[in-house]
Amino acid sequence: MNKVFKALADPTRRRVLELLREKPMTAGDLADEFELSKPTMSAHFSVLREADLIYAEKHGTTITYRLRMSVLEDALLGFAGAFGIEPAKPRARPARKRLREREA
């Protein structure tokens, strides 16, 4: 869990996670979002991979990163549990039929 919180301590890495939450992105696309050198971004990616928060898929010379949301959720739930905070129970979602009826 320490590696996860080390990774989350940096605002650049938190922003990378936010971007990956929206969709998988290539290393180049992610780097374009920041005014940092490619080696600096590579170091950030390395910290995030080491914490198991992201994983990389290599296709030729292109690396695509994806978020491992379950690892982030587990770390945050573990952290909250250490302070006796119970996670909120997920709300039941209405059945699709009832949802369509409401929209009509």
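These numbers come from a predicted model, not from an experiment.

Definitions and cut-offs
- The numbers attached to residues start from 1 for each chain and follow its sequence in the written order.
- Note on the predicted model: pLDDT of at least 70 is required for a residue's local features to be given, and 80 or more for side-chain atom pairs to be given and counted; whole-chain, interface and lining totals, by contrast, use all residues.
- Water and hydrogen atoms were dropped before computing side-chain values, which therefore reflect all heavy atoms in the structure.
- A patch consists of residues whose relative accessible area exceeds 30% and which take part in no salt bridge; residues with like charges are grouped when within 9 Å of each other, and nonpolar side chains (Val, Leu, Ile, Met, Phe, Trp, Tyr) when within 5 Å.
- Computed by Shrake-Rupley with a 1.4 Å probe, the accessible areas treat only the displayed protein chains as cover when residues are assessed.
- One side-chain nitrogen of Lys or Arg within 4 Å of one carboxyl oxygen of Asp or Glu is enough to make a salt bridge.
- Charge counting treats Lys and Arg as positive and Asp and Glu as negative, with His and both chain ends excluded.
- To locate a charge, the coordinates of NZ of Lys, CZ of Arg, CG of Asp or CD of Glu are taken.
- Secondary structure elements follow DSSP: runs of H or I no shorter than four residues count as helices, runs of E no shorter than two count as strands, and numbering proceeds from the N terminus.
- Strands qualify as paired when DSSP identifies two bridges or more between them.
- Contacts are assigned to residue pairs that have any heavy atoms within 4.5 Å of one another.
- Where helices are involved, their axes are fitted lines through C-alpha atoms of the stretch in contact, as for all axes, and angles between N-to-C directions lie from 0 to 180°.
- What a helix is expected to span follows from its residue count: subtract one and scale by 1.5 Å.
- Partly exposed residues are those whose accessible area sits between 20% and 50% of the maximum for their type, while under 20% is buried and over 50% is exposed, using a 1.4 Å probe and protein chains only.
- To obtain the arc, one takes the directions from the helix axis to the C-beta atoms.
- Only buried residues count toward a nonpolar core, which is a set of Ala, Val, Leu, Ile, Met, Phe, Trp, Tyr and Cys residues joined through side-chain atoms within 4.5 Å.

Visitor: Would you mind going over a negative patch on the surface with me for this structure?
Guide: Residues E22, D29, D32 and E33 make up a contiguous surface patch of negative charge. Relative to the elements of secondary structure, D32 occurs in helix α3 (residues 27-32).

Visitor: What should I look at first to understand the sheet that holds strand β1 (residues 25-26) in this one?
Guide: Picture the strands of a sheet paired through backbone hydrogen bonds; they go either parallel or antiparallel. Pairing is antiparallel across the open sheet formed by 3 strands, whose spatial order is β1-β3-β2. The two strands at the open ends of the sheet, each matched to only one other strand, are β1 and β2 (54-59). Relative to strand β3 (residues 62-67), β1 is paired through 2 bridges, and the arrangement is antiparallel. When the sheet's bridge partners are listed, T26 is paired in β3 with T64. Relative to β3, helix α2 (residues 11-22) is tilted by about 90°, and along the sheet it contacts β1, β2 and β3.

Visitor: I tried to follow unusual backbone geometry on my own but got confused; where do I start?
Guide: Residue D52 is not a glycine yet carries a positive backbone phi of 65°. By the element assignment, D52 lies in the loop between α4 (38-50) and β2.

Visitor: Would you mind showing me how to read helix α5 (residues 69-82) here?
Guide: Along an α-helix, residues three or four positions apart point the same way, because every turn accommodates 3.6 residues. Here α5 contains 14 residues, and its C-alpha end-to-end distance of 20 Å stays within 8% of the 20 Å for a straight helix at 1.5 Å per residue. Every buried residue belonging to α5 is among V71, L72, A75 and A80, and all of these are buried. Considered in projection along α5, the buried side chains sweep an arc of 165° and stay on one side of the axis. Looking at the buried side of α5, the elements it contacts are α1 (2-8).

Visitor: Explain the nonpolar core here, please?
Guide: Soluble, globular proteins show a tendency: their nonpolar side chains are buried together. Of all hydrophobic cores here, the largest spans 24 residues; its most connected members are V16, L20, L30 and L53. Residue assignment for this core shows that the elements contributing at least two residues are α1, α2, α3, α4, β3 and α5. Not counting residues within four places of it along the chain, the set of residues in contact with V16 comprises L30, F34, M41, F45 and L48.

Keep in mind these values describe shape, not function.
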